[in-house]
Amino acid sequence: MGIQASLRREHRLAVAGFATAFVLAGGATTAALTLGGRNAFFRPAVHQPISFNHRKHVTELDIGCTTCHLTVETEAFSGLPDADLCAGCHLEPQGKSEEEKKLVEMLKKGTALAWKPLFRQPAHVFYSHRRHVIAAKLQCRVCHGAIADTIAPPVRVRRLVMDDCVSCHRRERVSTDCTVCHR
Ligand code: HEC
Ligand code: HEC
Ligand code: HEC
Ligand code: HEC
Ligand code: HEC
């Protein structure tokens, strides 16, 4: 099953989980919490300091991913951009949007932009961007879908499930030993 199909499946499971929890609601709220461990629907909504628009920057302004995700080709973590990077262009307004006005204010005051991670594996899983982007030469969209065309951040944590990793490894004849990914 492809990764996108699997993300869709996760969504369907989330909806099914919601129906179940709904039936159980009243006296059985812990059922929803247990489901919430794996279930995107029950993960709390995440609000970013600024509603960042990938499509505007990547597709319209043609800014490359590595301009903002500085370590995606050199480290395990991709990195998220800090306020200085945005200040390179946004100390003065570039347009008329309200969201940008809010950003310009924050940058002038020196407020940090504390982005919340949205796409993170549990601590027992080892994953490296450098390995997948450089050694395996995989495009970002293979795992992150159409993020370059989104106009606002996703509101809930998303992640690949084990089967996404293992089925590609099997296809590509990469090791599927448990200890490769679990350290
Ligand atoms: C101008 C800066 C900028 C550029 C260019 C940029 N990003 Fe981002 N990216 C951000 C910021 C800020 C966040 C955190 C807020 C959010 O989630 O939208 C983020 C978050 C993300 C996330 C985590 C959100 C999630 O879905 O879990 C992914 C994945 C991502 N970017 C991928 C990409 C890819 C792939 C590209 C190139 C096609 C790219 N980004 C280009 C600034 C940028
Ligand atoms: C290389 C220059 C550049 C960088 C770096 C940059 N931007 Fe922009 N940004 C622009 C331009 C140009 C626009 C377009 C203004 C318009 O058309 O309204 C824009 C538009 C925006 C808007 C309003 C557009 C919308 O649809 O929401 C926001 C908010 C924004 N940027 C946030 C950020 C944040 C946050 C960062 C840092 C992670 C960042 N930008 C980095 C150049 C940049
Ligand atoms: C093989 C799948 C795969 C590919 C290809 C991939 N990523 Fe990721 N990405 C992940 C995983 C898995 C995570 C979660 C990492 C973790 O928790 O250690 C992630 C997380 C991220 C995040 C979020 C970091 C955070 O702190 O929230 C960004 C941004 C990101 N990737 C950008 C990129 C960019 C840019 C590319 C292409 C240059 C790319 N990724 C290619 C699987 C991938
Ligand atoms: C679309 C295919 C694909 C996906 C999805 C993928 N990988 Fe990989 N992975 C590869 C390839 C190809 C390599 C070998 C890269 C190389 O040549 O070094 C690799 C290598 C690795 C390695 C190093 C293996 C070793 O023997 O040292 C680890 C660890 C790893 N991946 C973890 C993960 C995890 C965790 C995930 C899911 C979050 C994941 N991978 C998802 C294709 C993938
Ligand atoms: C290619 C990478 C990869 C390999 C190989 C791998 N796993 Fe995983 N595993 C993951 C990822 C990613 C997760 C987290 C999935 C999630 O959060 O949904 C995970 C989660 C788990 C969990 C937690 C279960 C859960 O649903 O959260 C267990 C237990 C586990 N793996 C056992 C194993 C065992 C046993 C093996 C060897 C037979 C193995 N894994 C091989 C990537 C891998």
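Residues numbered from 1 in each chain as written. Chains lettered and ligands numbered in written order. Predicted model: local features only at pLDDT ≥ 70, side-chain atom pairs only at ≥ 80, totals over all residues. Heavy atoms only, no water.

With that settled, the discussion passes to the side chain of Gln 48. Residue position: Gln 48 is located in the loop between helix 2 (29–36) and helix 3 (54–60). Gln 48 gets classed as buried once you look at its relative accessible area, which sits at 17%. Looking at Gln 48, its side chain comes within polar contact range of the main-chain nitrogen of Lys 116, at 2.8 Å. Here Gln 48 is in contact with Ala 114, Trp 115, Lys 116, Leu 118 and Pro 153, once residues within four sequence places are set aside. (Helix = DSSP H or I, 4+ residues; strand = E, 2+ residues; numbered from the N terminus. Buried < 20%, exposed > 50% of the residue type's maximum accessible area, 1.4 Å probe, protein only. Polar contact = N/O pair within 3.5 Å; in protein donor to acceptor, adjacent residues only side chain to side chain. Contact = heavy atoms within 4.5 Å.)

What follows concerns the coordination of the iron atom of ligand 2. At this site the iron atom of ligand 2 is bound by His 57 (NE2) and His 90 (NE2), with donor distances of 1.9 to 2.0 Å. In this structure, the iron atom of ligand 2 is coordinated by six donor atoms arranged in octahedral fashion, with angles at the metal of 87 to 179 degrees. Taken together, the positions of His 57 in helix 3 and His 90 in helix 5 (residues 83–90) put the pair 33 residues apart, joining distant regions of the chain. One exposure class covers both His 57 and His 90, and it is buried. (Donors = N, O, S within 2.8 Å, 3.2 Å for Na, K, Ca; no water. Tetrahedral: all angles 85-135°; square planar, octahedral: opposite > 155°, others 65-115°.)

Relative orientation of the contacting elements helix 5 and helix 6 (residues 98–109) amounts to 115 degrees, with a least axis distance of 10 Å. Between helix 5 and helix 6 the crossing geometry is left-handed. Taken together, the residues of helix 6 that come into contact with helix 5 (itself represented by Ala 83, Cys 86, Ala 87 and His 90) are Glu 100, Leu 103, Val 104 and Leu 107. Here the contact of helix 5 with helix 6 is built from residues that sort into six nonpolar, one polar and one charged. (Axes fitted to C-alpha atoms, helices over the stretch in contact; angles between N-to-C directions. Left-handed = near helix turned anticlockwise from the far one by under 90°. Nonpolar A, V, L, I, M, F, W, Y, C, P; charged D, E, K, R; others polar.)

Function cannot be inferred from these measures alone, as they are strictly geometric.
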